[in-house]
Structure formats: C-alpha cells, structure tokens
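# Chains, contacts and geometry: an overview
One-letter residues, chain by chain:
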Amino acid sequence: MPPTGLLLPGDGHRTRLAWSGDPLLDAKLSVPVALRTHVPRKRLLDRLGEGAGSGPLTLLTGPAGSGKTSLAASWTRSGAPPGPVAWLTLDAHDSAPGVFWSYVVEALRRALPRLPEGIRMPGCPGSVGASLLTRLAAATEQLPEPVVLVLDGFEKVAGRRVPAGLEFLLAHAGPRLRLVVAGRADPLLPLHRYRAEDRLTEIRGADLAFTPHETAVLLRRHDLTPGDDVVRALTQHTEGWAAGLRLCALAMRRTGDPAGFTRSFTTSEQAVSDYLLTEVLDAQPAADRELLLRTSVLDRIHPDLANVLTGRRDAEAVLARLARENAFVEPVPGTAWCRVHPLFAQVLRTRLRMRHPGLVPRLHARAAHWLADAGHTTEAIEHAAEAGNWSYGASEAVHRLLAAAIPAGPRTDRIEQTFTSMPGTVPGAEPALVAAACRLAQHDRAGCGRHLAEAGEHLRLREPEPEPAVLLTHALLRLLCDPHGDVPSPETAAEWAAAAAELMRKLPAERLRERPEIEPLRLQGLARAYLAGGRLAEARRAFAEAADACTADETLLIRHACLGALALAESAEGVLASAEDHALRSLTIADQHGVVPDHRSGAGYLALATVAFEQGDDEATGRRLDEAAACPDTAADLVLSTESCILRSRLELTRGRWEAALTALTPLPHHKPAGAGPWPGRRLALARAGIALARGDHQAAVTALHDTDGDGPAPLVALARAHTAAGRTGRARRLLAHASRSAELGLADHVGIQLLGAHAAVLDGHPETARRLLGQALDTARPERLRRPFVDAGPWLRHLLNEPDGAGPAPSASAWLTARADGAGVPGVVQPLSSRERDVLVGVQRMMSADEIAAELNLSVNTVKTHLKSVYRKLCVTRRRDAVERAKALHIL
Amino acid sequence: MRYEFRVTGSVSRLLEEAFPELRTEPAPRQTLFFGTVMDEAHLYGLLARFQDLGLRVEEMRRLPE
C-alpha cells in the first residue's frame, strides 16, 4: 500500500503546462537568434565560460543595448558551456514568484532530458512556498552534469521576492547548478558576500564596452572599412556602447560618407542615444516610420495586427526588411511575430503620444479586437483596458469563460489584476459578472454577492436571451456564492448546477476544453451547498466527485480545497482515518506545488484539527487550528469559520474554561444568517449546549438545542445528553431510540447513542446493560480511535472501566482508549515519543525531506536528524518507512 | 519632493517628451531635468526611463523645497 495521501491518480508525473506549445512562450525559453552582423568577442566568451565553468553565479550587467543578451546567446550557441543550458528571457509579467518559478522549472525541463523527481509547477502565480524551492534545490544535487540556467532581462523582475528565492536556491543548490543572470541593474542578491566567498564572476558595463578593434570588426560586418581615426572617434564618443555603434553603422551606410557622419556625430553636443535614434528613425521611409509608430502600443508585433493598426497591407514585407537591415527589429524565432528593441520602443511610444495623442486609445481598441479574434484573450483584455473599453474587455472575459474561471485561482491572476482598475460605474451584466468573480477570488463574498445581484438584474431585463456563456458564468458564480446569503440551499444548488450543466452542453466543446476549471467549480459549488445544508453523505460524494474532476494544472487549487472539505465532512461524521487520509492528500498537493497559505484552503487543516481533537490530542488540535487560521477561507467561508470557532471553543472547554469557550464562539453570527444553510447553525447550537452542560445548566442546554431546525440524529443525541445529566433517563432513552432510527446515522452518532445508553443504565442501576452498551461503544469507536466522547463522558465511565472485580469491559477492549498519542499507554513496548519527535515523524509520513521538515517546524536540519535518530531508536527501526508503519501500528500516528 | 537630474548631452524635444512630468533646461554639454517627484517609486521609475532611452544620468540631487 502506498503511504497515506500520496500517489494519487492525476497527481503523478503529468506536469506539462497548459501553455507549452504556444510558440510565443516557446520563444521566451529559446536562445535568441544571432544577428547577421554579430561580433564574437573572445575575451568575454572566455570570461563567461570561466564563470559558468566554476562558480555558482555569473553576473552580466550593463545598460540597455550593451550586448548582454548577444554575449550570453553567442556563448550558449558556441558549444562552450559546461553542460546543457536552460534559457529564460524575462519580461515584466514574470515578477510574480509563481510565474517566474514555473518558467524556471519549464526551462530546466526543456534543457534536461530527465528532470529530477519531485519538481512540480508552482500552484499560484502570486507566490511560492519554501517547499518548492527546497525540492528544486534538492533536485539539483542529483544532476549528473553541470546545468547552466540563464536568466536574461532580470531587471524586469520587480520586487524582492524572486531575488529572495534565487538567494535561497544559490545557498542550497548542488554544485552543478550554474546561474547566469543578465540585467541592467545589479540584482537584489548579497553580491558583496558572494564576491568575498569567490562565488561570483562579474562581467560589467565597462567589460562589455567595445574596444576599437571590436568596433572595426563590427563596421566591417556592415561592409564599412573606415580608417583607424574614425573607428577610434566612434568608440570614444559612444564609450563603446554596442547599440550605439550599430546605429552608427546603419547611419554611415545610409549616408555613404562615414567620415562626414563621424565628424558631425562626434562634434554634436546632443546625447548619444538621442542623436543616433533620431538619425536612424528619421532615415526610415515615411510609411515604415508610421508602421513603427502605430505598432509601438504593442509589446510584440504580428504582421496582420500591424496591418490592422496601419490600415495598409504591406506590414509583413516592411517588418521582414527592417528585421533584415536593422538592429532594432528582431524576429521572435519560430513565429511570425517580431519585437522592437527597447531603446526604440520607448522613443516610438513617446513620439506617438506627442504626434497623435488621440490615436493611442483607438489603436489599443483595434489591437484588442484583433488579439481577441486570434485567441489571445488575456492580451486582448489588457489592450481593451488600456483603451478604457471595459465593456468590451469584460464581455470578452465572460464570453471566453475566463471570468467563470477566475475563482479557480492560479492562472487567471493576470486577468484579475487587469480588472482591479475597472471603475465600478461600467454598466451591464458582463462587467458585474467579472467584478463578482474577482471579489470571490479575493474571498470578499459579500462584495461578490452584491455584484451578482446586479448582474442578475441586467440579465433579467435583457432581450433577447443572453448567450449561454453569460448565463453559465452567472449560474456558476451564483452556485459558488449565493447573492441571497452565501450558500444556496441544497435543492436550489442542485437546480442551478443542473442548469449550468445544461448550459455547458450548449457551448462549443472546444471552448470548454480550454477552461478545465468550469466543471470542477460547478461540482464544488454543489458540494458546498450539501455541506452547508448538513447533508454530509451527499457532500462527501460531491466533494470526491469534484476532486476527481480536477485533472489539469489549472484546477489543482480546487482539488486541494475539495479534498480538504471532503476530509472535514468525514471528520464531522467521525470517519477519522479516511478524513486524515484525504486531508493529508490535500496538503500534499499544496506542498508539492509550493502553494503559500494565502492561496491555501483551511479545510484540510480543520479536518486534521478535528481528527486530532476527537482522538484526544489537544496539542495537535491547537497547532492545526493555527495553521487553518493562516488560510483566508477559514474566516471567509461560513462553514469553515463555524468549525474553526467551535473547535477552539471545545478545546477551551476541555481545560475547564467556560468563559473562554463562550468567547471563542463570539465571532459567529448569533442567529443563523438567512440562507446560510442549517449546518453551521446546528453545529453552533450543539456547541452552546455542550458548554451549558459542562457548567451543569441542563435547562440552558435544552433551550440552546430547541433553536435548531433539528433533523438529523446529532441534536437528538445532544438533547438526550442534557436530559440524562438532569437525571431524566426515561426521556433520554426515548430520544435515543428516536435518534437511532434516523436514516443518516454517522459513526460518531452511534458512539454517542451507545455511550448515553450506558450512562442512563448506570443511573437507573442496570450495570449489566451499561457494561454491554459501553463495550459496544468501544468497539464502534475503536477502528477510528474516536476517543473524545469517552474522555468527555464524565466520571461514571471511569468507574465502569476500572471496576475492581474485572466486571467491566475486557481491558483489551479499552486499551486503545488510554494509549496516548505519545505512546505512553503502551508501556514496555516503546519509549514515549516527545511531541517534537512526533512532529518530525508526521513530516516523514508526508514524504517530506529533512530540509523541508526543518523549514516547516522552524528547526535546523541537524536537529531534525537528531529527532529522527531518536525516533528510530525508540521505535526499534532503521528506515523512514518502517518508522511510519510501526508508529501507525502503535497508534502514535 | 523636487529633484534635479543632469543628463549627458543635449536632448531633443522628442526625448524630453518622454518625461512630461519634468521640465528641462539646456546646460553646457548637459541637459537638466527637474520637477516634482511623487515618491521613491516614481524616482526609480524615472531613472529606469532614462536608462530605457539610453540617456546617462551624471548627477542627481534633491532640490530644496
């Protein structure tokens, strides 16, 4: 049997990204093509080779156009690198750590025939937890040969989080990972320390500057052979600036008078880049200039899109010519797209704004339409936003089912980001739907409900009937967040879910395939409604189905949340082993994909807290509750917040702190909010009744329970408990008999009924019956090690168990009850584990490395190893796997 | 806060327009850009913009209010 919670179907080695195969993204991961006029510079190639051949980090810094990319690319192509090269060209969208690291993983995967085990795509674009970086670092230990990772354009990565991750990787990676970072500014890494430790090779602006000899070679490649004085003058005036020298070559070729150009250039007072950019740009034919101006609103130019922006048809020819003749238009390899050198892009944009200020939004709008038709929905929406055309952007987002996918998280982050600046005044159903989806993704359920209600108004009035994509988005969002109070009733939810399924059938299959989030979200919405409605069996089935429907990378957060919720429903029913298993699976997904708490669901942690509590481990309960509290949905979701508060309250109660137990419940609404589903209300009433009983106030307990809409056995059992405590055993027995006829009896209910029956029998003076019922309760609870009902039962139970004449249940039947989680109850077999040792062992069970366990527990790796050794010794084992098996057999895990 | 940037060489109107929030003044072999800078993010943004355009900042200082 595989260890708990690992090796799920669909979690295996299927790590291909949805976007692999997109030629534009392929281009980011391929080495840029060489210019025809490229000058190989041996001194720098050798230096780069030495750097990457020995040390972990080589830094290439210099201003725009100083030849960093050309140098790294020509080195990569030269065959000189010590091993395979993983190339990544960065742009401004890659600042989010999740995006950055997923590109890094993809780049490594393309460079290496076999990527070491254990590296997965990050789950969220926003951030990456330490576990992913730890895995990545550990994987580099196993590299058979040196691997070079080139990060080109690193200055585009804003913020500290990516450099911090890189620093971590440099500190922990194996010796065969070589990093080459190229950028305009020094990265935020402790360079002074790397220098002192001799771990850094630097090629800086002054090194990159062309020498007169190199300038002469460059000019010769442009078929220019000026005299030494011209070469020297140009080198001096440009200070060896590569892009400047290229522009000089272009200008000289055009004028046909190198000496004359050099004279006027070197005597000009104008800034070098200004002089050259203007010179070269103004030398272009008017039509080409116009094309460059108008396409400057784009990051990348496609010939057809350029035609749309210019209203002409010659873009392909013009761009091909510019790419051939110039240094500033570069084709994106393997595609029809091209890119303008950043030096020019900025000048062109400025000139466009200056000459035709009114044209800019119109160009963005045209680009948006073309990009949308070409299937580049995200870019299309960004241009629509630039154009201020929010209605169009929102409509595209809804019709392409992007809006509906926003609540699923990971890959829709960029869209969500774009729409954050959408003003609230944009009228119509689609903008309201997009706003609702964004609010839901931010866990603002009230805001989501408001926007959904607004969208509903618009849709009701719309003639003719809105398109299926619009209605589907509305149905799906409503299912996930009912505008009338968070969670729809199970009946309503079933109706909406069926309507959503019907709408999905009306949509082209291809569009649905593009959004694998939709079906899992639909099932998740339905499952939440069952859970909030207290229909646990159906909720469990629906959450399992939703988790199974998550087969794509885009859906891993849904899978994580659904497995957690499934575990929570199971833990509430007392099916503890299965709950623990599913909760650990849920957490494993989040760990493997490096999901940070901000993007995690608290459901899995709450389930583990409940399991720990029911098994009598108060310390673990508190720890798991704290972990759950770090996840945003623990407070935002009514079911989760209820479970979390109730568990805290019960924990206080076990310490005899009634006041604190009541205070723990105060964050919850006093009366159940309209439409919130009966489940949270019922759970709250049970908790209140429990507190009242602990204080000996039977009447208050009964009153608390009368407020519940009491189907299901749990309130009946609780009521019976109140009556038993008051000595009214007859009434209690009638209630128990009624409860035991209920169709939806869970394991915890069975145990409760049997235990109360035993208590009532004790009170009525029937010790035989009491012993029999207690034996049954022990047998029922044993497989799940459900200890809590026995711990809470009161002194009568201890008397019954410890009867001196041996008339109580056989000691073997109740031994598990007193076998503490720390193993103290199994004397002579093992020495008890300390709680830290147990924490470490739990980490081992989750297949974590010593490094990861250390990171999670805030311990040093050596301490973890010491604990592990001690665990092995105490359990008399020598291997990790045996330790877990043995600990399970001893009920320590 | 007000800042002054001294950039090498004279600068054409086109490149001046890339800094609509700053005023310019020619100086011997230099161009002065000056004006109100909103905050530090704006300051670094301006420096990046100079770099984008291949302009070299020789000197930068905060002006008295």
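Since the model is a prediction, treat every value here as computed from it, not as a measurement.

What counts and how
Residues numbered from 1 in each chain as written. Chains lettered and ligands numbered in written order. Predicted model: local features only at pLDDT ≥ 70, side-chain atom pairs only at ≥ 80, totals over all residues. Heavy atoms only, no water. Helix = DSSP H or I, 4+ residues; strand = E, 2+ residues; numbered from the N terminus. Rg over C-alpha atoms; globule rule 2.2 N^0.38 Å. Buried < 20%, exposed > 50% of the residue type's maximum accessible area, 1.4 Å probe, protein only. Contact = heavy atoms within 4.5 Å. Areas by Shrake-Rupley, 256 points an atom, 1.4 Å probe, with all protein chains shown as cover. Core = buried A, V, L, I, M, F, W, Y, C linked by side-chain atoms within 4.5 Å. Domains from an automatic or database assignment. Pairing = 2+ DSSP bridges. Axes fitted to C-alpha atoms, helices over the stretch in contact; angles between N-to-C directions. Buried area = accessible area lost by both parts, 1.4 Å probe. Salt bridge = Lys/Arg side-chain N within 4 Å of Asp/Glu carboxyl O. Polar contact = N/O pair within 3.5 Å; in protein donor to acceptor, adjacent residues only side chain to side chain. Nonpolar A, V, L, I, M, F, W, Y, C, P; charged D, E, K, R; others polar. Parallel < 35°, antiparallel > 145°, perpendicular 65-115°, else oblique.

## A short note on the overall build of chain B
Counting its regular elements, chain B contains two helices and four strands. For 65 residues, the compact-globule estimate of 2.2 N^0.38 gives 11 Å, and the C-alpha radius of gyration of chain B, at 11 Å, lies within 12% of that figure. A principal-axis box enclosing the C-alpha atoms of chain B has dimensions of 25 × 25 × 20 Å. The burial tally for chain B puts 42% of its 65 residues in the buried class. Across chain B, every contact between residues at least 6 apart in sequence was considered, and the portion connecting residues at least 24 apart equals 66%. About 3,600 Å² of surface is accessible on chain B, with carbon and sulfur atoms providing 49% of the total.

## Remarks on the nonpolar core
Grouped together as the largest cluster of nonpolar side chains are 96 residues, with contacts concentrated most on Phe419(A), Val434(A), Leu472(A), Leu531(A) and Phe543(A). Ranked by residues supplied to this core, first place goes to helix H30 (residues 556-573) of chain A with eleven residues. With residues up to four places along the chain from it excluded, the contact list for Phe419(A) reads Ile381(A), Trp390(A), Gly393(A), Ala394(A), Ala397(A), Val434(A) and Cys438(A). If you look at the next biggest cluster of nonpolar residues, it comprises 82 residues, including Ala27(A), Ala315(A), Ala18(B) and Val37(B).

## Looking at helix H15 (residues 303-310) of chain A
Residue and element names in this part refer to chain A. Within H15, six of the eight residues are buried, leaving the element largely enclosed by the surrounding structure. Taken together, the buried positions of H15 are Pro303, Leu305, Ala306, Asn307, Leu309 and Thr310. For H15, the elements touching its buried residues are helix H14 (286-294), helix H16 (315-325) and helix H18 (359-373). Looking one or two residues beyond H15, the residue adopting positive phi is Gly311, at roughly 75°.

## Points about the domain arrangement of chain A
Per the domain assignment, the segments of chain A are domain 1 (31-207), domain 2 (212-283), domain 3 (284-387), domain 4 (389-525), domain 5 (541-818) and domain 6 (835-889). Of note, the centres of domain 3 of chain A and domain 5 of chain A, computed from C-alpha atoms alone, are 62 Å apart.

## What to know about the sheet that holds strand S3 (residues 30-36) of chain B
All names here are of chain B. If you trace the four strands from one edge of the open sheet to the other, you get S2-S3-S1-S4, paired in antiparallel fashion. Bordering the open sheet on either side are strand S2 (23-27) and strand S4 (57-63), each of which pairs with just one other strand. The average undirected angle you get between the axes of adjacent strands in this sheet is 20°. Pairing analysis gives five bridges linking S2 to S3, with the strands arranged antiparallel. What sits directly across from Thr24, in S3, is Phe33. Where helix H2 (residues 40-52) meets the sheet, its contacts fall on strand S1 (2-8), S3 and S4, and the angle it forms with S1 comes to roughly 15°.

## Considering the interface of chain A and chain B
Listed as interface residues are 20 residues of chain A and, on the opposing side, 18 residues of chain B. Summing both sides of the interface, chain A and chain B together bury roughly 1,600 Å²; the carbon and sulfur share of this comes to 52%. At the boundary of chain A and chain B, one finds three salt bridges. Here Arg29(B) ties to Glu269(A) by a salt bridge, and the two come within 3.7 Å at their closest N and O atoms. At the boundary of chain A with chain B, the tally comes to nine residue pairs in polar contact (both at pLDDT 80 or more). Elements represented by at least two residues in the side of chain A that touches chain B include exactly helix H13 (272-282) and helix H17 (342-355) of chain A. It is H17(A) that contributes the most residues to the side of chain A that touches chain B, eight residues altogether. A breakdown of the residues in the side of chain A that touches chain B according to their chemical character gives nine nonpolar, five polar and six charged.

## Regarding the environment of Ala27(A)
Residues and elements named next belong to chain A. As for its position among the elements, Ala27 is in helix H1 (residues 23-28). Accessibility expressed as a relative area gives 12% for Ala27, which makes it buried. With 639 residues separating them in the primary sequence, Ala27 and Thr666 have C-alpha atoms 55 Å apart. Among all residues touching Ala27, those that are not within four sequence positions of it are Val332 and Pro333.

## Observations regarding the packing of helix H46 (residues 835-845) of chain A against helix H48 (residues 861-875) of chain A
Between two packed helices, both the angle of their axes relative to each other and the distance between the axes serve to describe the pair. All names here are of chain A. Viewed as axis vectors pointing N to C, H46 and H48 meet at an angle of 95°, and their least axial separation amounts to 9 Å. Regarding the angle of H46 to H48, the classification is roughly perpendicular. For the pair H46 and H48, the contacting residues are Arg836, Glu837, Val840, Leu841 and Val844 in the first and Val864, His867, Leu868, Ser870, Val871, Lys874 and Leu875 in the second. Among the residues forming the contact of H46 with H48, the class breakdown is seven nonpolar, two polar and three charged.

## A closer look at the pattern of salt bridges
All names here are of chain A. Summed over the entire model, instances satisfying the criterion amount to 56 salt bridges over all chains. Two residues, Asp444 and Arg439, come together in a salt bridge whose shortest N-O distance is 3.4 Å. The closest approach of N and O atoms between Asp839 and Arg623, which form a salt bridge, is 3.2 Å. Placement of the pair is Asp839 in helix H46 and Arg623 in helix H33 (residues 618-629), with a sequence separation of 216 residues. What makes Arg623 partly exposed here is its relative accessible area of 25%.

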